[in-house]
Amino acid sequence: MLAAVQKNATRGDPRSVVKAIDQFCRQKEWAMNVGDEKGCILDSVVTEVNPATVLELGTYCGYSTVRIASLLPSNAKLITLEFNPDYAAIACQVIAWAGLEDKVQLVEGASGDWIPKMKEKFGIETFDLVFLDHWKDRYLPDTKLMEECGLLRKGSILLADNVICPGTPDYLEYIRNSPRYKSQYFKSHLEYTKVEDGLEKSVFLG
Ligand SMILES: O=C(NC/C=C/[C@H]1O[C@@H](n2cnc3cncnc32)[C@H](O)[C@@H]1O)c1cc([N+](=O)[O-])cc(O)c1O
Ligand SMILES: [Mg+2]
């Protein structure tokens, strides 16, 4: 995938990096990027929220990191957590190829360890937008952890990938029934396939 980016994408052009990855995953080898169809929904939410602070859980190869960071205002900050060192190394190069290293802080480590350190380590008070795309059984515990650590403010947006496939039943049940969130489901398809999947957008009500 990285070779495809370096071969087919233009340095400093995030859209060409996104296109190169999507082409590679359609033609050569499927990979669990949010993909082009759900990626458009992600783009519209990022544009609508226009966040100053973004947290991404699960960088993987940096595809959604590049999509999000390319839409952020100049002073905005995107922190992305990835605990697999191999994926982190690839993502770092993908983000650099897109020329977005100044907007992105890639942190190698586990969300459960790093969420409690966001204030002290990065001077982050609250996140305007959180993109959840890591292990599906971590969505709920990490959401509760972000609540406990005071990282969400009235109006913070959680956007969760894969709420249908592979599915995040405990997270969906919690977020859709909690009086502290207002949720909306964006129906789409699993990346590069015709299988149904979707994104759940939830506003924290405080
Ligand atoms: O399983 C999926 N995603 C899990 C993604 C996991 C990524 O997040 C990291 N991670 C996990 N917990 C972490 C905690 N802290 C930091 N990084 C973490 C993992 O090292 C990996 O890079 C998935 C699967 C399908 N699928 O069709 O099967 C489709 C998708 O869109 C998916 O996102
Ligand atoms: Mg996903």
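Quick caveat, the model's predicted, so the values are computed rather than measured.

## Some words on the coordination of the magnesium ion (ligand 2)
Angles between donor atoms at a metal ideally measure 109.5 degrees for a four-coordinate tetrahedral arrangement and either 90 or 180 degrees for a six-coordinate octahedral one.
Step number 1: Surrounding the magnesium ion (ligand 2) are the protein donor atoms Asp133 (OD), Asp161 (OD) and Asn162 (OD1), which sit 2.0 to 2.2 Å from the metal.
Step number 2: As a motif over one chain, the donors of the magnesium ion (ligand 2) read D-x27-D-N. With aspartate 133 in the loop between β4 (127-132) and α8 (139-148) and aspartate 161 in the loop between β5 (152-160) and α9 (163-167), the pair connects residues that are 28 residues apart, well separated along the chain.
Step number 3: Take aspartate 161: its relative accessible area is 0%, and that puts it in the buried class.

## Comments concerning unusual backbone geometry
Step number 1: The linkage connecting cysteine 165 with the following residue, proline 166, adopts the cis geometry, with an omega of 5°.
Step number 2: The topology assignment puts proline 166 in helix α9.
Step number 3: Notably, tyrosine 60 is not glycine yet its phi reads approximately 55°, a positive angle.
Step number 4: Tracing the sequence through the fold places tyrosine 60 in the loop between β1 (53-57) and α4 (63-69).
Step number 5: For tyrosine 192, which is not glycine, the phi torsion reads 65° and is therefore positive.
Step number 6: Residue position: tyrosine 192 is located in the loop between β6 (181-189) and β7 (196-204).

## Observations concerning the environment of glycine 167
Step number 1: Tracing the backbone through its elements, the reader meets glycine 167 in helix α9.
Step number 2: Between the alpha carbons of glycine 167 and tyrosine 181 there is a distance of 19 Å; along the sequence they are 14 residues apart.
Step number 3: Ignoring any residue separated from it by four or fewer positions in sequence, one finds glycine 167 in contact with Lys136 and Asn162.

## Quick word on the sheet that holds β4
Step number 1: Reading across the sheet, the seven strands line up as β3-β2-β1-β4-β5-β7-β6 and stay open at both edges, with mixed pairing between neighbours. Since the sheet does not close on itself, it has two edges, and those belong to β3 (104-108) and β6, each with one partner. Neighbouring strand axes in the sheet, compared pairwise and without regard to direction, differ in orientation by 15° on average.
Step number 2: Pairing analysis gives five bridges linking β4 to β5, with the strands arranged parallel. In the strand pairing of β5, leucine 132 is matched with alanine 160.
Step number 3: Most of the contacts of helix α3 (residues 35-49) go to β6, to which it runs at about 145°, and overall it touches β4, β5, β6 and β7.

## Things to note about the pairing of β4
Step number 1: Counting buried residues in β4 gives six out of six residues, a clear majority hidden from the surface.
Step number 2: Looking at chain direction, β1 and β4 are connected through four bridges and run parallel. The residue bridging glutamate 56 from the neighbouring strand is phenylalanine 131, located in β4.
Step number 3: Handedness of the crossover joining β4 and β5 through α8 is recorded here as right-handed.

Calculation notes
Residues numbered from 1 in each chain as written. Chains lettered and ligands numbered in written order. Predicted model: local features only at pLDDT ≥ 70, side-chain atom pairs only at ≥ 80, totals over all residues. Heavy atoms only, no water. Donors = N, O, S within 2.8 Å, 3.2 Å for Na, K, Ca; no water. Helix = DSSP H or I, 4+ residues; strand = E, 2+ residues; numbered from the N terminus. Buried < 20%, exposed > 50% of the residue type's maximum accessible area, 1.4 Å probe, protein only. Contact = heavy atoms within 4.5 Å. Pairing = 2+ DSSP bridges. Axes fitted to C-alpha atoms, helices over the stretch in contact; angles between N-to-C directions. Right-handed = clockwise from strand over helix to strand, strands pointing away.

Worth remembering: the numbers are spatial, not functional.
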